Amino acid sequence: MSERFPLYTTDYISGVMSLRKPQTASLRILEEIVTSVNLRKGMNLKAALGSVHAMYPTCSDFEREFMSLTFTLATGVGKTRLMGAFIAYLYTQHNIKNFFVVAPNTTIYDKRKKDLNNNNSPKYVFCGLGCFPVLLQIITDDDYRDKSISLYDSDIHIFIYNIDKFNKESANMRKVNELLGDSFYRYLSNLPDLVLIMDESHHYRAERGAQALNDLYPLLGLALTAPPCNKRCKTSPFQKCGIRISPVQGH
């Protein structure tokens, strides 16, 4: 239990955020895994996978160069709110303060910026959470070029990027930035607690996109996606369905 936020159990977060059953189930799975695995940079991925597989046999491969857990939820259940619940839990119970949210296209990217930062929006995901007394600071677009991230008021940094822009800007993001004292990429990869949240994660399986995410060297990856429409569906999100953790029952 966190000394700073003793009330913020998964049950409390679920109640305050009015999570649905699949969202609550996902949050509890995350809690069980991160409290059982010695989560740290440079951890033994083979050992971590063995621990996760023992708890959830459907997870048989992280399929990335870091510990990555995939949550498959039915369309319409509320993956964005679950994203907010993940952030609240990891911040209050594990003191994780850096989150990188990647979106598959411009439309979803624009929505995520509003959902995570506009407290006047009915879809603001952190509504009612007293652990965030001020608006969280969002770093996105070209902020990495002209803003000093260390000067943000909030102690939590949420980076939000469209995967296409992230790929196209890769060369610039790898150049040394005077404000950061390093390249944006190296700054991110050196963060000890960076958690990567992949929205509609089946879009990031192409070699270039996958490598761009691997290069961030996150502490943990959380992938959110919907199940394939049927057995023959060409948009099936995973080549190895065994990596899926799928708390989809009930609403």
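Residues numbered from 1 in each chain as written. Predicted model: local features only at pLDDT ≥ 70, side-chain atom pairs only at ≥ 80, totals over all residues. Heavy atoms only, no water.

## Here we look at the pairing of strand E8 (residues 220-225)
Thinking step 1. With 6 of its 6 residues buried, E8 lies for the most part within the structure.
Thinking step 2. The alternating pattern of E8 places Leu220, Leu222 and Leu224 and Gly221, Ala223 and Thr225 on opposite faces, both of which are buried.
Thinking step 3. Sheet topology places strand E1 (residues 68-72) next to E8; 5 bridges connect them, and they run parallel. Pairing of Thr72 across the sheet is with Thr225, part of E8.
Thinking step 4. Here strand E7 (residues 194-199) runs beside E8; their pairing, made up of 5 bridges, is parallel. Each bridged residue has a counterpart across the sheet, and for Val195 the counterpart in E8 is Leu220. (Buried < 20%, exposed > 50% of the residue type's maximum accessible area, 1.4 Å probe, protein only. Helix = DSSP H or I, 4+ residues; strand = E, 2+ residues; numbered from the N terminus. Pairing = 2+ DSSP bridges.)

## Some words on the packing of aromatic side chains
Thinking step 1. Under the criterion given, the structure shown has 11 aromatic pairs.
Thinking step 2. Relative to Phe86, the ring of Phe71 has its centre 5.1 Å away and its plane inclined at 50°; by these criteria the two rings are tilted. On the criterion of sequence distance, the pair formed by Phe71 in strand E1 and Phe86 in helix H4 (residues 79-94) is long-range, its members being 15 residues apart. Phe86 matches Phe71 in its accessibility class, with the two residues each being buried.
Thinking step 3. Consider the rings of Tyr161 and Phe184, whose centres lie 5.9 Å apart with planes at 55°: the pair is tilted. On the criterion of sequence distance, the pair formed by Tyr161 in strand E4 (residues 157-162) and Phe184 in helix H9 (residues 184-190) is long-range, its members being 23 residues apart.
Thinking step 4. Since its relative accessible area comes to 1%, Phe184 is described here as buried.
Thinking step 5. Taken together through their ring pairs, the aromatic side chains of Phe5, Tyr8, Tyr12, Tyr91, Tyr124, Phe126 and Phe132 make up a single cluster.
Thinking step 6. In this structure, Arg174 is placed above the aromatic ring of Tyr185, and the distance from its NZ or CZ to the ring centre is 3.8 Å. (Phe/Tyr/Trp six-rings, centres within 6.5 Å; stacked < 30°, edge-to-face > 60°. Lys NZ or Arg CZ within 6 Å of the ring centre and 35° of its normal.)

## Quick look at the nonpolar core
Thinking step 1. If you look at the biggest cluster of nonpolar residues, it comprises 56 residues, and the most contacted ones within it are Leu30, Met67, Leu69, Leu116, Phe126, Phe132 and Ile158.
Thinking step 2. In terms of residue count, H4 provides more of this core than any other element does, 9 residues in total.
Thinking step 3. Residues Phe100, Met173, Leu191 and Leu216 belong to the second largest nonpolar core, which totals 22 residues. (Core = buried A, V, L, I, M, F, W, Y, C linked by side-chain atoms within 4.5 Å.)

## Quick notes on H4
Thinking step 1. Compared with the 22 Å implied by 1.5 Å per residue over 16 residues, the 21 Å span of H4 between its first and last C-alpha is a close match.
Thinking step 2. Counting buried positions along H4 gives 13 out of 16 residues, so the element sits mostly inside the fold.
Thinking step 3. Asn95 sits one or two residues past H4 and shows a positive phi near 55°. (Expected span 1.5 Å × (residues − 1).)

## As for the packing of H4 against helix H5 (residues 106-117)
Thinking step 1. At a minimum axis separation of 11 Å, H4 and H5 run at an interaxial angle of 50°. Taken together, the axes of H4 and H5 lie oblique to each other. The way H4 lies across H5 gives a crossing that is right-handed. Contacts between H4 and H5 involve Thr80, Met83 and Ile87 from the first element and Arg112, Asp115 and Leu116 from the second.
Thinking step 2. Of the residues in the contact of H4 with H5, the class split is 3 nonpolar, 1 polar and 2 charged. (Axes fitted to C-alpha atoms, helices over the stretch in contact; angles between N-to-C directions. Parallel < 35°, antiparallel > 145°, perpendicular 65-115°, else oblique. Left-handed = near helix turned anticlockwise from the far one by under 90°. Contact = heavy atoms within 4.5 Å. Nonpolar A, V, L, I, M, F, W, Y, C, P; charged D, E, K, R; others polar.)

## Details of the side chain of Thr10
Thinking step 1. Locating Thr10 in the fold gives a position in helix H1 (residues 10-16).
Thinking step 2. On the basis of relative accessible area, Thr10 is assigned to the buried category, the value being 6%.
Thinking step 3. Every residue in contact with Thr10, bar those within four places of it in the chain, is listed here: Leu27, Arg28, Glu31 and Tyr89.

## A few points about the confidence of the model for the chain
Thinking step 1. A residue-level look at the chain finds 82% of positions with pLDDT of 70 or above and a mean pLDDT of 82.
Thinking step 2. Here strand E9 (residues 244-245) is the element of the chain with the lowest mean pLDDT, 54, and H1 is the one with the highest, 95. (pLDDT = per-residue confidence, 0-100.)

## Notes on the environment of Thr72
Thinking step 1. Here Thr72 shows up in strand E1.
Thinking step 2. We classify Thr72 as buried; its relative accessible area is 1%.
Thinking step 3. Separated by 128 residues in the primary sequence, Thr72 and Glu200 place their C-alpha atoms 9.6 Å from one another.

## Here we look at the packing of helix H2 (residues 21-36) against H4
Thinking step 1. Viewed as axis vectors pointing N to C, H2 and H4 meet at an angle of 35°, and their least axial separation amounts to 10 Å. Relative to H4, H2 is oriented so that their crossing is right-handed. Contact with H2, carried on its side by Gln23, Ser26, Leu27, Leu30, Glu31, Val34 and Thr35, involves Arg81, Leu82, Ala85, Phe86, Tyr89, Leu90 and His94 of H4 and no other residues of that element.

## Considering the environment of Ser51
Thinking step 1. Assignment of secondary structure puts Ser51 in helix H3 (residues 45-55).
Thinking step 2. Note on Ser51: relative accessible area 34%, which makes it partly exposed.
Thinking step 3. Placed 13 residues apart in sequence, Ser51 and Asn38 show a C-alpha to C-alpha distance of 10.0 Å.

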